[in-house]
Amino acid sequence: MPLEAGLLEILACPACHAPLKEADSELLCTGKDCGLAYPVKDGIPVLLVDEARRPA
């Protein structure tokens, strides 16, 4: 389920403050050195670093 357009514009990675982009059921950090992937559960982004998936 896509997030509202306005919401994605104001969200940022809590770890590095880079913008996020939507991909499947995750929000991906666009920061070069970060790359964390935050889950979206029931349409709600879970922006907790402890819940994020590390880059491969």
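Structure first, text after, so check above.
Please read all numbers here as calculations on a predicted model, not as lab measurements.

> Any chance you could explain unusual backbone geometry here in plain terms?
Only a minority of non-glycine residues have a phi that is not negative, and only a minority of peptide bonds are not trans. Within the chain, histidine 17 stands out as a residue other than glycine whose phi angle is a positive 70°. The topology assignment puts histidine 17 in the loop between helix 1 (5–10) and strand 1 (20–23). The backbone of aspartate 24 shows a phi angle near 55°, a positive value even though the residue is not glycine. Judged by its relative accessible area of 81%, aspartate 24 is exposed.

> Help me understand the environment of cysteine 16, please; the structure alone is not making it clear to me.
Along the polypeptide, cysteine 16 turns up in the loop between helix 1 and strand 1. In sequence terms cysteine 16 and aspartate 33 are 17 residues apart; their C-alpha atoms lie 8.7 Å from each other. If we ignore the near neighbours within four places in the chain, the residues touching cysteine 16 are Cys29 and Cys34.

> How should the pattern of salt bridges be read in this particular structure?
Side-chain pairs of opposite charge can arise whenever the charged atoms involved come near each other. Applying the stated criterion across every chain yields a total of two salt bridges. Notably, a salt bridge pairs glutamate 26 with arginine 53, separated by 2.8 Å at the nearest N-O pair. Residue glutamate 26 is located in strand 2 (residues 26–29), and its partner arginine 53 is located in the segment after strand 4 (44–45); the two are separated by 27 residues in the primary sequence. Here arginine 53 falls in the partly exposed class, since its relative accessible area comes to 43%. Its salt-bridge partner being lysine 41, residue glutamate 51 comes within 3.8 Å of it at the nearest N-O pair. With glutamate 51 in the segment after strand 4 and lysine 41 in strand 3 (residues 37–41), this residue pair connects regions lying 10 residues apart in the sequence. Take glutamate 51: its relative accessible area is 42%, and that puts it in the partly exposed class.

> Would you explain the sheet that holds strand 1 in this entry?
What holds strands together in a sheet is hydrogen bonding between their backbones, with the strands either parallel or antiparallel. Taken in spatial order, the four strands line up as 1-2-3-4 in an open sheet, and their pairing is antiparallel. The open sheet terminates on both sides in strands that have one partner only, identified here as strand 1 and strand 4. Pairing analysis gives four bridges linking strand 1 to strand 2, with the strands arranged antiparallel. Its bridge partner lying in strand 2, alanine 23 is registered against glutamate 26.

The rules behind these values
Residues numbered from 1 in each chain as written. Predicted model: local features only at pLDDT ≥ 70, side-chain atom pairs only at ≥ 80, totals over all residues. Heavy atoms only, no water. Helix = DSSP H or I, 4+ residues; strand = E, 2+ residues; numbered from the N terminus. Buried < 20%, exposed > 50% of the residue type's maximum accessible area, 1.4 Å probe, protein only. Contact = heavy atoms within 4.5 Å. Salt bridge = Lys/Arg side-chain N within 4 Å of Asp/Glu carboxyl O. Pairing = 2+ DSSP bridges.

These results come straight from atomic positions and should not be treated as a statement about function.
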